[in-house]
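Remarks on the overall topology
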Amino acid sequence: MEILNNLLAGFEIILTWKYLLWCFIGVFLGTLIGILPGIGSIATIAILLPIAISLGDPTGTLVMMAGIYYGAQYGGSTTSILLNIPGETSSMITAIDGYKMSQKGKAGSALTVSALGSFVGGIIGTVVVCFLATPMINSALLFGPIEYTSLMIMCLLGSVFISRNSIFVGLGMLCTGMLLAMIGADVNSGTHRLTFGQTFLLDGITFAIMVMGLFGLPEVLHVLLQNRNSEVKKNKKFFYFDTKDIKQSIAPCFRGTIIGSILGVIPGGGTWISTMASYMIEKKISKTPEKFGTGMVQGVAGPESANNAAAQTSFIPLLTLGVPFQPIMAMMLSVMLMSDITPGPQLITDHPNIFWALIASFCIGNIMLLFLNLPLIGLWVKLLNIPKVLLYSAIVFFCILGAYKINNNWQEVVYILLFFTALGYFFKKIDCDPSPLLLGFVIGGYLEEYLRRSLLLHDGNFILFLERPISLFFIVISAIILGCLIWYKNKNIFHKFLKE
Amino acid sequence: MRNYLAFLSLIVFLFLSVQNTRATEFQPTKKQIEIIVPYPPGGATDRVARLVSEIFLEHGWKSTVLNQPGGETTIASNNVASAKPDGHTLYIGGNGFLDANIVFDAPGRLYNENSFDPVVPLGHGSLMLAVSNTSTVRTYEEFKNYVKVNPDKFKIGFWNFYTAHLFYEWARLEGLPKPTIVTYKGSAPQITDILGGHIEFIFDSFTATNKHYEADKLRIIASLDSKNLVRVQNIKNDKKIINISKDHPTLEISTWYGIFSPANTSQSVKQEIRDVVNAGFAKQKNIDRMAELGIFDVGGSAEQLNRTQKDLLSFFKDTLKNMK
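Just so you know, these numbers come straight off a predicted model, no measurement behind them.

1. Re the overall build of chain B
Along chain B, the regular secondary structure elements total 12 helices and 11 strands. Taking all 324 residues of chain B together, the buried fraction comes to 56%. Partitioning the intrachain contacts of chain B with sequence separation of at least 6 by distance along the chain shows that 76% fall at a separation of at least 24. Total accessible area on chain B is roughly 13,900 Å²; 51% of this is exposed by carbon and sulfur atoms.

As structure tokens, then:
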């Protein structure tokens, strides 16, 4: 009952013109960047971060940033279905059957199923966040430095799974990220590490600039250097709509939602893994698995529900424990910290308005997205015909300006942004996913902080990590993950799956 | 090829179009006053700067807040120290940029205590000694006895490495064993740890601790200065909460904020700015907004700010540097 009262209070805040506008801007931008290949939700949040923060309204900032994230999950499916160009990584699976459906002239069905599936996943995911977050926050005070250290170890190992590369490359990326997190002043002794005498490195590398360099600008360069024709060719039956497809997609929608809701909360889960897991399960339980890949509506409904449910539930670890399990959540963490809000057990007591308004905005945002995506699909698709030079010049401009505005320091733009853009482009060229590097950077920093604090508080006693029940639980899970990693060795199950 | 040339020229054009001009003399109604904050947006210093900016705007002046975090405040401090002393560049400074960075000689520092002119003080906050509810300690006297008997349990949480040296001096003056300083990145994680019983003692601001004290989630047993002592004693009418610096005046250290300008700014410009700021902080709504941040006694003269800054600097120099 208390949860419902709090949620109603959240709705009271969000149902004002000001926050409805923030929410609309967020989901609108999310849909836009989801549709446009070349710039993902992480880079968009990084670009908009300085502008949003300077407005001085943390609730509005968070509502908008969250809207961009889950809005991108909706938008990403449109170009996957119509053009076989996934705007977001999580929409890659949708492209397999969705594009085939549109080639058969069933684009209308595919897009409707995708939008409705996303809506169901998003709304149920929000309900899960609502009812799971409060008990988790209440028990989060049981987490001390020891428990957090073990949790971070589990997260780091789990993050290797999100890599689309081989396990060893994933581990390499993770270690590089952890090494980058060491740059700057040591929190315990004040000693400057790996700064090479550069003042702008004393506080470490600015996360948002690194993200823009690794993800945003290389994507733009990659698209610009490709001469891909993204013009949409419509046929007569392009937006043909079949109610039979809707009926067939109901069960996969709910299965996808359950899978997404669970995988969103697990380290190494998230939208990408949940769409794949949902697709695999739909294929396994289907009476006609051989037809998957030829335009099966279940191959669209399941993954789309799964990625939206995961997009919502992935907020749970961040809001309750202050721990980001996915790169995008690391970005959201950065948004919160820059707004002087520390996610974790204190969030619900220190900022209850922000917490419940954010959750209420998930519901409102999902409803807005349904209306934005179903009737306006034709309009969104026309955006792909905007000249690339205009569109991407503007994106590069805002990237550089955004990078400068974060700290008003040109050195960071020249050195950090350029370095990571070059690195990101190199990774792109060799088809190497830098996501584990990003998580290694964020979680690695926390791991060092918590590990050293644990040892300081308990006089260097390592045995405590095995004596505390919560810590022991995470250590056991970490050992299982490590075992799985060794078992798979260098085999990339995801690439293998995609090839199939 | 034409596409790429068009792409490059568009970007160059966009950057050239956002260039701005610099002020040459103090004309706040025509040219913007840049208030430099050495921390990212959102924190207490940033909020103070935005309030000052609002006061300027209400007065009809043009003003903007520019966050220049990095290099442990060195980057912003260097920029202000080398800025034109025309009153259009102001700095919201506090304990860190002068005391800690000068005494501990932060790398890349291009300024000293004479590089800035004090303009107007923006008030003080206090540090409280808080104890976890899981601890048996109830008063400051009990605390002293407890750590003397259990020196291995004398671990104090705090959120700044440099200022942590202050606590070694406090322990020495009180005849306590040397504490282990557990450093946190900011106040929130250490408050979470003390509420969960993962750390027994912390020093934190009046604002961060008082609401939890009021809700019986932790205990406040002492204050490091006298400024907020009565406020904290009144929360539960507990006169056993003592002021540590009463017996050791050199420990009377609080967190403080002030507006500085680059050295050699003209007296008339500083006076004009001071008058506007003091008038703004005479209004109750602005006093209340500062109180929400745990900052009290806002406004005053340049001499007050100069004294606060110089006293602290000499304390750091004379006492703490020797302990490093």
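Following the structure, the description resumes.
2. Considerations on the overall build of chain A
A tally of helices and strands in chain A yields 23 helices and 2 strands. The 500 residues of chain A split such that 62% are buried. Excluding contacts between residues fewer than 6 apart, the proportion of contacts in chain A whose partners are at least 24 apart in sequence is 80%. For chain A, the exposed surface amounts to about 19,100 Å²; the carbon and sulfur share of it is 69%.

3. A word on the sheet that holds strand 10 (residues 242-243) of chain B
Read across the sheet, 6 strands follow the order 7-6-8-5-9-10 (chain B) without closing on themselves; strand pairing throughout is mixed. The open sheet terminates on both sides in strands that have one partner only, identified here as strand 7 (180-183) and strand 10 of chain B. Across the sheet, helix 20 (residues 435-457) of chain A touches strand 6 (155-158) and strand 7 of chain B, and the angle it forms with strand 7 of chain B is around 155°.

4. Comments concerning the side chain of Lys144(B)
You can see Lys144(B) is positioned in helix 5 (residues 140-149). The exposure class assigned to Lys144(B) is buried, which follows from its relative accessible area of 14%.

5. A short note on the pairing of strand 5 (residues 127-132) of chain B
Looking down a regular strand, the side chains alternate between one sheet face and the other. All names here are of chain B. Among the 6 residues in strand 5, 6 count as buried, and that is most of the element. Residue alternation in strand 5 divides its side chains into two sets, Leu-127, Leu-129 and Val-131 and Met-128, Ala-130 and Ser-132, and both sets are buried. Inspection of the sheet shows strand 5 paired to strand 8 (residues 201-205) by 5 bridges, in the antiparallel sense. Within strand 8, the position partnered with Val-131 by the bridge is Phe-201. Bridge count between strand 5 and strand 9 (residues 218-223): 5 bridges; the pairing is antiparallel. Bridged to Ser-132 within strand 9 is Leu-218.

6. Looking at the pattern of salt bridges
Once the charged atoms of two side chains with opposite charge are near each other, the side chains can pair. All names here are of chain A. For the structure on display, the rule yields 17 salt bridges over all chains. Between Glu-147 and Arg-468 there is a salt bridge, with its nearest N and O atoms 3.2 Å apart. With Glu-147 in helix 7 (residues 145-159) and Arg-468 in the loop between helix 21 (464-467) and helix 22 (469-488), the pair connects residues that are 321 residues apart, well separated along the chain. According to the relative accessible area criterion, Glu-147 is buried, its value standing at 4%. Linking Glu-449 and Arg-453 is a salt bridge whose minimum nitrogen-to-oxygen distance equals 2.8 Å. Taken together, the positions of Glu-449 and Arg-453, both in helix 20 and 4 residues apart, correspond to about one turn of that helix. Judged on exposure class, the residue Glu-449 and its partner Arg-453 are both buried. One salt-bridge network, held together by shared partners, links Asp-186, Arg-193, Glu-448 and Arg-452.

7. Quick notes on the environment of Glu72(B)
Its location among the elements puts Glu72(B) in the loop between strand 2 (63-67) and helix 3 (74-81). Sequence separation between Glu72(B) and Thr45(B) is 27 residues, and the spatial gap between their C-alpha atoms is 14 Å.

8. Considerations on the nonpolar core
Ranked by internal contacts, the top residues of the largest apolar core, which has 122 residues, are Met65(A), Leu151(A), Ile205(A), Met332(A) and Phe355(A). If you look at the next biggest cluster of nonpolar residues, it comprises 43 residues, including Leu66(B), Phe154(B), Ala171(B) and Leu176(B).

9. A look at the side chain of Ser118(A)
Residues and elements named next belong to chain A. Mapped onto the secondary structure, Ser-118 falls in helix 6 (residues 107-140). Residue classification places Ser-118 among the buried positions, given a relative accessible area of 0%. In terms of polar contacts, Ser-118 uses its side chain to reach the side chain of Asn-308, at 3.0 Å. In contact with Ser-118, not counting residues within four places along its chain, are Tyr-74, Glu-304, Ser-305, Asn-308 and Asn-366.

10. A word on the sheet that holds strand 3 (residues 89-94) of chain B
All names here are of chain B. The 5 strands lie next to each other as 2-1-3-11-4, forming an open sheet whose pairing is mixed. Both edges of this open sheet fall to strand 2 and strand 4 (116-125), since each of them pairs with a single strand only. Direction aside, neighbouring strands of the sheet carry axes that sit 25° apart on average. Pairing between strand 1 (residues 33-37) and strand 3: 3 bridges, direction parallel. Looking at the pairing, Ile-36 lines up with Tyr-91 of strand 3.

11. Remarks on the packing of helix 11 (residues 271-285) of chain A against helix 12 (residues 298-313) of chain A
Each packed pair of helices is defined by two parameters, the angle between the axes and the distance between the axes. All names here are of chain A. Axis separation between helix 11 and helix 12 bottoms out at 8 Å; the angle between their running directions is 150°. One way to sum up the angle between helix 11 and helix 12 is to call them roughly antiparallel. Between helix 11 and helix 12 lies a crossing of right-handed hand. Between helix 11 and helix 12, the contacting residues are Thr-271, Ser-274, Thr-275, Ser-278, Tyr-279 and Glu-282 on the first element and Gln-298, Gly-299, Gly-302, Pro-303, Ala-306, Asn-307, Ala-310 and Ala-311 on the second. Among the residues making up the contact of helix 11 with helix 12, the classes are represented as 5 nonpolar, 8 polar and 1 charged.

12. Quick look at the pairing of strand 1 of chain B
Residues and elements named next belong to chain B. In terms of residue burial, strand 1 counts as a mostly covered element, since 4 of its 5 residues are buried. When strand 1 meets strand 2, the two strands line up parallel, connected through 5 bridges. When the sheet's bridge partners are listed, Glu-34 is paired in strand 2 with Thr-64.

13. Details of helix 8 (residues 167-181) of chain A
Owing to its 3.6 residues per turn, the α-helix brings residues three or four apart onto one side. All names here are of chain A. In this model, helix 8 (15 residues) spans 21 Å end to end at C-alpha, consistent with the 21 Å of a helix rising 1.5 Å per residue. For helix 8, the full list of buried residues reads Ile-167, Gly-170, Met-173, Leu-174, Gly-177, Leu-180 and Ala-181. Down the axis of helix 8, the buried set is contained in an arc of 145°. They therefore lie on one face. Exposed residues pointing more than 90 degrees away from the buried face of helix 8 are listed as Phe-168 and Leu-179.

14. Here's the deal with unusual backbone geometry
Residues and elements named next belong to chain B. Residues other than glycine seldom take positive phi values, yet Asn-264 does so here, at roughly 75°. Looking at the secondary structure, you find Asn-264 in the loop between strand 11 (255-262) and helix 10 (267-280). One non-glycine residue with positive phi stands out, namely Asp-297, at about 55°. Tracing the sequence through the fold places Asp-297 in the loop between helix 11 (284-292) and helix 12 (302-323). Taking the relative accessible area as the measure of exposure, Asp-297 reaches 51% and is therefore exposed.

15. What to know about helix 1 (residues 2-14) of chain A
Residue and element names in this part refer to chain A. Helix length check: helix 1, at 13 residues, gives a terminal C-alpha distance of 18 Å against a target of 18 Å (1.5 Å per residue), a fit within 8%. Taken together, the buried positions of helix 1 are Ile-3, Leu-7, Gly-10, Phe-11 and Ile-14. The buried residues of helix 1 occupy one face: seen down the axis, they fall within an arc of 100°. Away from its buried face, by an angle of more than 90 degrees, helix 1 presents the exposed residues Glu-2, Leu-8 and Glu-12. Its buried side turned inward, helix 1 meets helix 2 (17-35), helix 4 (58-83), helix 6 and helix 16 (352-373).

16. Observations regarding the environment of Tyr404(A)
By the secondary structure assignment, Tyr404(A) is in helix 18 (residues 388-407). Spatially, the C-alpha atoms of Tyr404(A) and Thr59(A) are 24 Å apart, while their sequence positions differ by 345 residues.

The rules behind the values
Residues numbered from 1 in each chain as written. Chains lettered and ligands numbered in written order. Predicted model: local features only at pLDDT ≥ 70, side-chain atom pairs only at ≥ 80, totals over all residues. Heavy atoms only, no water. Helix = DSSP H or I, 4+ residues; strand = E, 2+ residues; numbered from the N terminus. Buried < 20%, exposed > 50% of the residue type's maximum accessible area, 1.4 Å probe, protein only. Contact = heavy atoms within 4.5 Å. Areas by Shrake-Rupley, 256 points an atom, 1.4 Å probe, with all protein chains shown as cover. Pairing = 2+ DSSP bridges. Axes fitted to C-alpha atoms, helices over the stretch in contact; angles between N-to-C directions. Salt bridge = Lys/Arg side-chain N within 4 Å of Asp/Glu carboxyl O. Core = buried A, V, L, I, M, F, W, Y, C linked by side-chain atoms within 4.5 Å. Polar contact = N/O pair within 3.5 Å; in protein donor to acceptor, adjacent residues only side chain to side chain. Parallel < 35°, antiparallel > 145°, perpendicular 65-115°, else oblique. Left-handed = near helix turned anticlockwise from the far one by under 90°. Nonpolar A, V, L, I, M, F, W, Y, C, P; charged D, E, K, R; others polar. Expected span 1.5 Å × (residues − 1). Arc of directions from axis to C-beta.

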